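Architecture at a glance
Residue-level listing of the chains:
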Amino acid sequence: MFAPMKCILPMTIIRRQRILPVAGKVLVRAGQKVGATETIAESNLYPEYLLLDIARGLGVPADQAETYIKCQVGEQLAEKDIIAGPVGIGRRIVRSPRSGKVVVASGGQMLLAISSQPYQMKAGLPGEVIELVPERGVVVESAGALLQGVWGNGRIDSGQLSILAKTPDHEIVSSDLDVTSRGWVILAGYCNDPEVLKAIDDLALHGLILGSMEARLVPLAAKSPVPIIVLEGFGKQPIGSDSHKLLLSLERRDVALNAENRNVLTGVKPEVFFPAVVPSTINPAPDFISLEVNQKVRIVRPPFTGEIGVVEEIKGITAFPAGLRTRAARIHLENGEHTITPLANLEVRT
Amino acid sequence: MTSLIDAESLLVVDVGSVTTRAFLFEVVDLRYRFIASGAAPTTAGAPYHNISEGVRLALDHLHQVTGRTFVGTDEQLIMPASADGSGIDKFAATISVGEPLRVVIVGLLEDISLESARHLASTTYAKVVQSISLNDHRKTDTRLNTILRLRPDMIIAAGGIENGASQSVLKLLEAIGLAGYLQPDRQRPEVLFIGNQAIQPEIRSTFENTMNLHFAPNIRPSLDREQLGPARAELARNYCQVCSQRIPGVVELNTWAKGGLVPGATAFGRVIRFLSKELTTQKGVLGVNLGASAAIIAAAFNGDLSLGVFPQFGLGTSLVDMIDQVPVRDIMRWLTIDLSEDDLIDYVYNKALYPTSLPVSLEETAIEQALARQALYSATRLAVQGFPGQAVYPGDGLLPWFEAIVSTGSILAQSANLAQAALMILDSLQPCGVTTLVLDQNQISSALGAAAAANPVLAVQVLESNSFLHLGTVIAPVGQAHAGSPILRLKMTYESGHEASLEVKKGTLEVVPLPAGQTARLQLQPLHRCDVGMGAPGRGGTLRVSGGALGLIIDSRGRPLVLPEDLKRRKDLYRKWLWTLGGQ
């Protein structure tokens, strides 16, 4: 049975492919140890070109302009370098307005690729480069504890874990943060306070792990330079008991946050990773676990949103009070209660 | 192409963004019939990253339902059907999975060619990420940088009426040609040129080495004429091509379909256009398909189709886009439960995280139906702008007269009862005059459209069968009367000779029993110059109407529909309306 899956693993091996959106340059070699924030590849993601009208600048017909051009295709120019001329009694010249490389010159025009800061892709987790993908990226392998979330703001950083959420239903307010938080990765519960997101920027936190967050804070969180990962969902939801228990045991440990936003198609999820030295016999984190009896699950929809339990029975088509008829499962919740839930509303936890 | 008229069985697979469905059609008593369907989650995403697994699971499900085997031990379709009953004679497929195409539109003038290019882009699963025109005053290099940074999947370039502008069009294409020159072959976007056909040879010779060029007839052959049809077909082919490149398994599916894979929206549009021809009416046929990937609005008038695909109003992962596009208060007006704006936004974000999840409680159902109403309402209002010129409107901001409205999509087809489905359709579309509501409960419309390309007979025969559910005829008077004033007198004469009379007051929703399979003669007399689409405001007449699952529905709640701000009153009204329609 097919169901969305989330990994909450105290010890595992993970392999993550880190690929540039466009072809670029891989900066590491196979076998190299990398840190989470180390640049492993770069590319010119936001290229900038200038089209220069040489003929107009020189005041000559387009078909004559090429004869006055002083540089060649592929040549690197500095700002104010002379590109073409002089022409005529006024000795008109055209200078390079910016530093860049000549890409093409034709028809009295020249295309200049402006030197720009390349996009630098970070490793996202500490580990070893086990495979190179030419011009595109690498595969990094690492071992340790892994927790996956549901939303991330795209940032990457690492630090040590400090726990504000002593209980799963913790709610963070801005006064919880002060100078002693500086440089830490903070674990908090539910966030409904925009001031918290401003404070983490001011205090230069290395990361914020939240159990849940109000969805209206998403635009603000998305802009934060600090990696933010939401573990469970939007609106007030407790941290899953399995995640919370694991995180409590990892207080003050080194942690890497890759807050990539979740993508259903690519399977990418934001991840919290605690590197550790483990025996080589540990199994890799699974890509897929089927929904079966005795499987641990979390309910993702009301009325038991966030509750964790175990599948006791997979039932056939079942009718629900609002009229829905669909396949369902009987779940034994952690608090001892039982509930019948549509299979579609279950997330497999491992 | 061989006609399917000789075939005895047809299998159609529809790969949606959430669900993959397999439909079996077969000849029974010399007529095509819809036999059964199977469904499975679409597997384009993790962990499979290949749609083939979802297709296989959907076929397995269909096998469980029908007992028929479709795939051999070699994992290939058994085609044609064999003597032992396994396999099928023909296969067709539709697709709507994946991110919408990222499209840059290019045109000379903002309100002419660029507008037509925008209309064309809206006929498939696409998102316009940038527009370039003569009016935007950006330099060529600024346009070039924009294209390179956006990395579109496709560029739709229009401009120049037939034998009109040429140099200005070529000038606009400069930046696109340069972008192509600077990009590796595999990263170049597809470029669809749909402008002045006279310059096609020059475009081909100038840009064929730097662009992946495609051509279609001019979408704006003259200033006052827009012609989207041929370009729409070419865009649909391009959409499938891009899907083939980026979604594993699509190539194999298209091979099974012998290259005939079509976008789900295109196939849906075909069925609606087809119905508009079959019904031979002055009024049009409206089709709405509300799925996870998009809201699709198809309106056809005598075979002239307007197709609108709105990914921003899909009920799947793109739900959060709706929050960006529509004020939350607009969604709140449909709610019948007490919910804060923040809670609604949280709900939308959580639903987008788990698009396959289902509402269990009455409260969740109310939220999802409110979202569906707003999605259909917003998509229809956008689509109306592109409706054909022959559409006749009863008033500003209102829907044109339609003879029939065909609705589908999981939230409508699988609602708890027909009353809920009908009320969602009536609230969001707000049809005017006399129309019939048809519900495609089996969600076979797109499959029929895919099949109809090769064999219209199949589509006709299946549509004539009882595969679609006739909900009922709707009478919706349009006028300015006060709430509570009588606006319509009607007399219905049943086949049995029995008569029923009713005076309808403004602001009410009434049902007159008329079971499916029966017809009746209906005499209408609008009051207060209300318009029921019989030629002019206040004009009445007699017509024959067909029965349906809900009977004859008289929706005199007003156009546009204005719901009470007060939640309790709104809740009471909805309870009453649902009860009137036979639901709860």
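If you're wondering where the values come from, they're calculated on a predicted model, not measured in any experiment. (Residues numbered from 1 in each chain as written. Chains lettered and ligands numbered in written order. Predicted model: local features only at pLDDT ≥ 70, side-chain atom pairs only at ≥ 80, totals over all residues.)

Turning our attention to the overall build of chain A. Scanning chain A from N- to C-terminus turns up five helices and 27 strands. Against the globule reference of 20 Å for 350 residues, chain A gives a C-alpha radius of gyration of 27 Å, more extended than a compact globule. Its C-alpha atoms give chain A principal-axis dimensions of about 95 × 50 × 45 Å. Residues counted as buried form 44% of the 350 residues belonging to chain A. Of the contacts made within chain A by residues no fewer than 6 positions apart, 60% connect residues no fewer than 24 positions apart. (Helix = DSSP H or I, 4+ residues; strand = E, 2+ residues; numbered from the N terminus. Rg over C-alpha atoms; globule rule 2.2 N^0.38 Å. Buried ≥ 20, exposed ≤ 12 C-beta atoms within 10 Å, placed from the backbone. Contact = placed C-beta atoms within 7 Å.)

Residues and elements named next belong to chain A. Positionally, Gly24 belongs in the loop between β2 (8-19) and β3 (25-26). You can call Gly24 partly exposed: it has 19 C-beta atoms within 10 Å. Sequence-wise, Gly24 and Arg136 are 112 residues apart; in three dimensions their C-alpha atoms are separated by 6.0 Å. Apart from residues no more than four positions distant in its own chain, Gly24 is found in contact with Ala41, Glu42, Ser43, Asn44 and Glu135.

A word on the interface of chain B and chain A. Each partner contributes residues to the interface: chain B has 36 residues there, and chain A has 37 residues. Within the residue set of the side of chain B that touches chain A, elements represented by two or more residues are α3 (140-150), α11 (341-353) and α12 (362-384) of chain B. Sorting elements by how many residues they give to the side of chain B that touches chain A places α11 of chain B first, with seven residues. Grouping the amino acids of the side of chain B that touches chain A by side-chain chemistry returns 17 nonpolar, 12 polar and seven charged. (Nonpolar A, V, L, I, M, F, W, Y, C, P; charged D, E, K, R; others polar.)

For the bond running from Pro302 of chain A to Pro303 of chain A, omega is 10 degrees, close enough to zero to count as cis. Take Pro303 of chain A: it is sitting in the loop between β23 (296-299) and β24 (308-319). With omega at 0 degrees, the peptide bond leading from Ala46 of chain B into Pro47 of chain B counts as cis. Mapped onto the fold, Pro47 of chain B is located in the loop between β3 (31-41) and α1 (51-66).

All names here are of chain B. Along the chain, Gln187 turns up in the loop between α4 (167-182) and β8 (190-193). Judged by the 14 C-beta atoms lying within 10 Å of it, Gln187 falls in the partly exposed class. Each C-alpha atom of the pair Gln187 and His470 lies 48 Å from the other, and the pair is 283 residues apart in sequence.

A few words on α4 of chain B. All names here are of chain B. Compared with the 22 Å implied by 1.5 Å per residue over 16 residues, the 23 Å span of α4 between its first and last C-alpha is a close match. Taken as a whole, α4 carries its principal kink of about 35 degrees at Glu174. Looking only at α4, the buried set comprises Val169, Leu172, Leu173, Ala175, Ile176, Leu178, Ala179 and Gly180. (Expected span 1.5 Å × (residues − 1). Bend = angle between axes of the 7 residues up to and from the residue.)

Attention shifts here to the sheet that holds strand β10 (residues 100-106) of chain A. Residue and element names in this part refer to chain A. Read across the open sheet, the four strands follow the order β6-β11-β10-β7; overall the sheet is antiparallel. Each of the sheet's edge strands pairs with one partner strand only, and the pair in question is β6 (49-53) and β7 (76-77). Bridge count between β6 and strand β11 (residues 109-114): five bridges; the pairing is antiparallel. Bridging from a neighbouring strand, Asp53 pairs with Gln109 of β11. (Pairing = 2+ DSSP bridges.)

Residues and elements named next belong to chain B. At a closest axis distance of 7 Å, the pairing of helix α8 (residues 264-278) and helix α15 (residues 445-452) adopts a crossing angle of 80 degrees. In this view, α8 runs roughly perpendicular relative to α15, as classed from their interaxial angle. Counting all contacts with α8, which are made through Gly264, Ala267, Phe268, Gly269, Arg270, Val271 and Phe274, the residues of α15 involved are Ser445, Ser446, Leu448, Gly449, Ala450 and Ala452. Of the residues assigned to the contact of α8 with α15, the class counts are seven nonpolar, five polar and one charged. (Axes fitted to C-alpha atoms, helices over the stretch in contact; angles between N-to-C directions. Parallel < 35°, antiparallel > 145°, perpendicular 65-115°, else oblique.)

All names here are of chain B. Mean pLDDT over chain B stands at 93; residues scoring 70 or higher make up 99%. In this model residues 1-5 is a low-confidence stretch, pLDDT under 50, and it forms 10 contacts with partners more than four residues away in sequence or in other chains. Across the interfaces of the predicted complex, the ipTM metric reaches 0.92, alongside a pTM of 0.93. (pLDDT = per-residue confidence, 0-100.)

Residue and element names in this part refer to chain B. Running from amino to carboxyl end, α3 crosses α4 at an angle of 50 degrees, the nearest separation of the two axes being 8 Å. Put simply, α3 runs oblique to α4. Between α3 and α4 the crossing geometry is right-handed. Note on element contacts: α4 touches α3 through Glu174, Ala175, Ile176, Leu178, Ala179 and Leu182, opposite Thr140, Arg143, Leu144, Ile147 and Leu148. (Left-handed = near helix turned anticlockwise from the far one by under 90°.)

On to the sheet that holds strand β16 (residues 469-476) of chain B, then. Residue and element names in this part refer to chain B. Here we have eight strands laid out as an open sheet, ordered β13-β12-β11-β14-β15-β16-β22-β19, and mixed in their pairing. Edge positions in the sheet fall to β13 (304-310) and β19 (509-512), since each has one partner strand and no second. On average, each strand axis in the sheet is inclined to that of its neighbour by 20 degrees, with strand direction left out of account.

When cut into domains, chain A gives domain 1 (5-43 + 121-275), domain 2 (49-114) and domain 3 (296-349). The gap between the C-alpha centroids of domain 1 of chain A and domain 2 of chain A is 48 Å. (Domains from an automatic or database assignment.)

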